Amino acid sequence: MAAEAELLPGTLDLLILKSASLGLEHGYGILLRIQQITGGALTIEQGALYPALARLEHQGLLEAEWGTSENNRKAKYYTLTSSGRKRFRQETERWNRTAAAMMAALRTQEV
């Protein structure tokens, strides 16, 4: 398991979109999926996750449908919309540019 990392401002939405891009999942399942795909380095609090899911659904980036979870409870299942897939690609490209710029800056040696 990786050491815990800090969730940077603005990255929660990207992580949710990534998780939803991997297939239909309910809210708590998205939280667990993020933990899984980050090797346990990022932990998302439910108090941050559910407002973000509602915001992304309101923006038309996620689509939700009610279903029954594995433990036989009513749950909202989320999937990406076409707008969500487009935003996910844009935000991924933006993140990759930012990460590459940061890595270049941090590799710079004193002259």
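Engineer: In this structure, what is going on with the sheet that holds strand 2 (residues 62-68)? I would like to understand it.
Structural biologist: The strands that make up a sheet are held in pairs by hydrogen bonds between backbone atoms, and each pair lies either parallel or antiparallel. Taken in spatial order, the 3 strands of this open sheet run 1-3-2, and their pairing is antiparallel. Strand pairing shows two members of the sheet lacking a second neighbour, strand 1 (25-26) and strand 2, which therefore form its edges. Here strand 2 runs beside strand 3 (residues 74-80); their pairing, made up of 7 bridges, is antiparallel. Counted as the bridge partner of E63 is T79 from strand 3.

Engineer: Looking at this structure, I do not really get the environment of R55. What am I missing?
Structural biologist: For R55, the location among the structural elements is in helix 3 (residues 46-58). A residue is classified by how much of its surface remains accessible, and R55, at 36% relative accessible area, is partly exposed. On a C-alpha basis, the gap between R55 and D13 in space is 9.3 Å, while along the polypeptide they are 42 residues apart.

Engineer: Teacher, can you tell me more about the pairing of strand 3 here?
Structural biologist: Residues in a regular strand project their side chains so that they alternate between the two faces of the sheet. Pairing analysis gives 2 bridges linking strand 1 to strand 3, with the strands arranged antiparallel. In the strand pairing of strand 3, H26 is matched with Y77.

Engineer: Looking at this model, I keep getting lost on a nonpolar patch on the surface. Mind explaining?
Structural biologist: A contiguous nonpolar patch, built from Y28, L32 and Y50 and spanning about 260 Å² of accessible area, is present on the exposed surface. Within the secondary structure layout, Y28 lies in helix 2 (residues 27-37). Given a relative accessible area of 37%, Y28 falls into the partly exposed group.

Engineer: Just checking my understanding: could you explain the side chain of E25 for this structure?
Structural biologist: By the element assignment, E25 lies in strand 1. A residue is classified by how much of its surface remains accessible, and E25, at 16% relative accessible area, is buried. Of the polar contacts made by the side chain of E25, one reaches the side chain of R33; its length is 3.4 Å. In this structure E25 touches I30, R33, K76, Y77 and Y78, once residues within four positions along its chain are discounted.

Engineer: Is there a simple way to explain the packing of helix 2 against helix 3 in this structure?
Structural biologist: Think of two packed helices as two axes; the pair is described by the angle between the axes and how far apart they sit. Interaxial distance between helix 2 and helix 3 falls to 10 Å at its minimum, and their mutual angle equals 120°. Remark: the crossing between helix 2 and helix 3 carries right-handed chirality. Contacts between helix 2 and helix 3 involve G27, Y28, I30 and L31 on the former and, on the latter, Q46, L49, Y50 and L53. By residue class, the composition of the contact of helix 2 with helix 3 is 6 nonpolar, 2 polar and no charged.

Engineer: Quick question: what am I supposed to make of the side chain of R33 here?
Structural biologist: Here R33 shows up in helix 2. On the basis of relative accessible area, R33 is assigned to the buried category, the value being 14%. One polar contact links the side chain of R33 to the main-chain carbonyl oxygen of S19, over a distance of 2.6 Å. Those residues in contact with R33 that sit more than four places away from it in its chain are S19, A20, L22, G23, L24 and E25.

Parameters at a glance
Residues numbered from 1 in each chain as written. Predicted model: local features only at pLDDT ≥ 70, side-chain atom pairs only at ≥ 80, totals over all residues. Heavy atoms only, no water. Pairing = 2+ DSSP bridges. Helix = DSSP H or I, 4+ residues; strand = E, 2+ residues; numbered from the N terminus. Buried < 20%, exposed > 50% of the residue type's maximum accessible area, 1.4 Å probe, protein only. Patch = residues over 30% accessible without salt bridge, like charges linked within 9 Å, V, L, I, M, F, W, Y side chains within 5 Å. Areas by Shrake-Rupley, 256 points an atom, 1.4 Å probe, with all protein chains shown as cover. Salt bridge = Lys/Arg side-chain N within 4 Å of Asp/Glu carboxyl O. Polar contact = N/O pair within 3.5 Å; in protein donor to acceptor, adjacent residues only side chain to side chain. Contact = heavy atoms within 4.5 Å. Axes fitted to C-alpha atoms, helices over the stretch in contact; angles between N-to-C directions. Left-handed = near helix turned anticlockwise from the far one by under 90°. Nonpolar A, V, L, I, M, F, W, Y, C, P; charged D, E, K, R; others polar.

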